[in-house]
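# Observations on chain architecture
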Amino acid sequence: MEIDYTKQHPVKKIKKRSIAGRFLAKIVVSEVLFHEGSACWEWQPKLDGGGYGRFRTEDEHYAHRTAYKLFVGSIPDDKEIDHRCRRRHCVNPLHLEAVPHKINQERMAEAKTECVKGHPFTPENTFKMKSGRGCKICRYQRVKEWRERNPEHARRINTESKRNWRQKQAKSDNIVR
Ligand SMILES: [Zn+2]
Ligand SMILES: [Zn+2]
């Protein structure tokens, strides 16, 4: 077969944008949402069930994690990405911080303004727990329900605590005298 050296071979045009280019095409810089003076970058495609943006790369699924890797640096294995602006769909690298799991959990708990049942976390309605804060209304409800379910046990505890209290009083009265 004779080869035609004069013939022009079609050059396949590869139109491939960089990851950063593809990524940035999916955000809108917010005009209303800010954190410490810089605007949130709102992820435009549909969010996942947890409210996060999804963006698939070789080693990532989450848009905010990709944002961190693209514009800040690698994410250490023992750290998670925390949204300082507390908006899960935001991918502004300035609003993202790599923190240990525990700190992330604590910050998320602190950011909540109400308990799972919707009672407000006001100072009057909040008590400290080993893992964050508790709701006093819910605690009261739980105790009440338990008493209703275990009336005998509840009565016994009640009389015992009264007796203990009386004994304590008696002792301290003795000390005073
Ligand atoms: Zn933000
Ligand atoms: Zn509650």
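Residues numbered from 1 in each chain as written. Chains lettered and ligands numbered in written order. Predicted model: local features only at pLDDT ≥ 70, side-chain atom pairs only at ≥ 80, totals over all residues.

## With respect to the overall build of the protein chain
Selection rule: Helix and strand definitions here come from DSSP, where helices need a minimum of 4 consecutive H or I residues and strands a minimum of 2 consecutive E residues; each element is numbered from the N-terminal end. Only C-alpha atoms enter the radius of gyration; for comparison, a globular chain is expected to reach 2.2 Å times N to the power 0.38, where N is the number of residues. Think of it as a crowd count around each C-beta: if 20 or more other C-beta atoms lie within 10 Å the residue is buried, if 12 or fewer it is exposed, and in between it is partly exposed, with C-beta placed from the backbone throughout. By the convention adopted here, residues are in contact when the distance between their C-beta atoms, placed from the backbone, does not exceed 7 Å.
Summing up its helical and strand segments, the protein chain has five helices and six strands in all. Helices and strands appear in the protein chain in the N-to-C order α-β-β-α-β-β-α-β-β-α-α. The C-alpha atoms of the protein chain give a radius of gyration of 30 Å, which is well past the 16 Å a tight globule of 177 residues would have. Along the longest, intermediate and shortest principal axes, the C-alpha atoms of the protein chain span 120 × 40 × 30 Å. Across the 177 residues of the protein chain, 14% fall into the buried class. The long-range fraction of contacts in the protein chain, counting pairs at least 24 apart against all pairs at least 6 apart in sequence, stands at 35%.

## So, helix α2 (residues 63-71)
The set of residues buried in α2 consists of Ala63, His64, Arg65, Thr66, Ala67 and Tyr68. On its buried side, α2 packs onto α1 (19-24), β2 (38-43), β3 (79-83) and β4 (96-100).

## Section: the domain arrangement of the protein chain
Our working rule: Segmentation into domains, and thus their bounds, comes from an automatic or database assignment.
If you check the domain split of the protein chain, you get domain 1 (19-111) and domain 2 (114-177). On a C-alpha basis, the centres of domain 1 and domain 2 stand 41 Å from each other.

## A few points about the pairing of strand β6 (residues 132-135)
Our working rule: Should DSSP find at least two bridges between two strands, the strands are regarded as paired.
Both strand β5 (residues 126-129) and β6 contribute to a ladder of four bridges, which runs antiparallel. Counted as the bridge partner of lysine 128 is arginine 133 from β6.

## Re helix α4 (residues 136-149)
Just so we agree on the cut-off: Expected helix span is computed as 1.5 Å times (number of residues minus one).
The terminal C-alpha atoms of α4, which comprises 14 residues, lie 20 Å apart, in line with the 20 Å expected from a rise of 1.5 Å per residue. Along α4, only zero of the 14 residues are buried, which leaves the element largely exposed.

## Details of the nonpolar core
One recurring pattern in soluble globular proteins is that nonpolar side chains are buried together. Stated formally: Working definition: the nonpolar core is a set of buried Ala, Val, Leu, Ile, Met, Phe, Trp, Tyr and Cys residues, joined through C-beta atoms within 7 Å.
If you look at the biggest cluster of nonpolar residues, it comprises 14 residues, and the most contacted ones within it are Trp41, Ala63, Ala67, Cys90 and Val91. The residues touching cysteine 90, leaving out its near neighbours within four places in the chain, are Cys40, Trp41, Glu42, His83, Cys85 and His95.

## So, unusual backbone geometry
A positive phi angle, near 45°, is found at glutamate 36, a position not held by glycine. Tracing the backbone shows glutamate 36 in the loop between β1 (27-35) and β2. The phi dihedral of arginine 86 falls on the positive side, at around 60°, and the residue is not glycine. Overall, the presence of 14 C-beta atoms within 10 Å leaves arginine 86 in the partly exposed class.

## Some details on the environment of valine 99
Inspection of the secondary structure puts valine 99 in strand β4. Valine 99 sits 21 residues away from aspartate 78 along the chain, and the two C-alpha atoms are 8.3 Å apart. Once you skip the residues sitting within four places of it in the chain, valine 99 turns out to touch Lys79, Glu80, Asp82 and Asn104.

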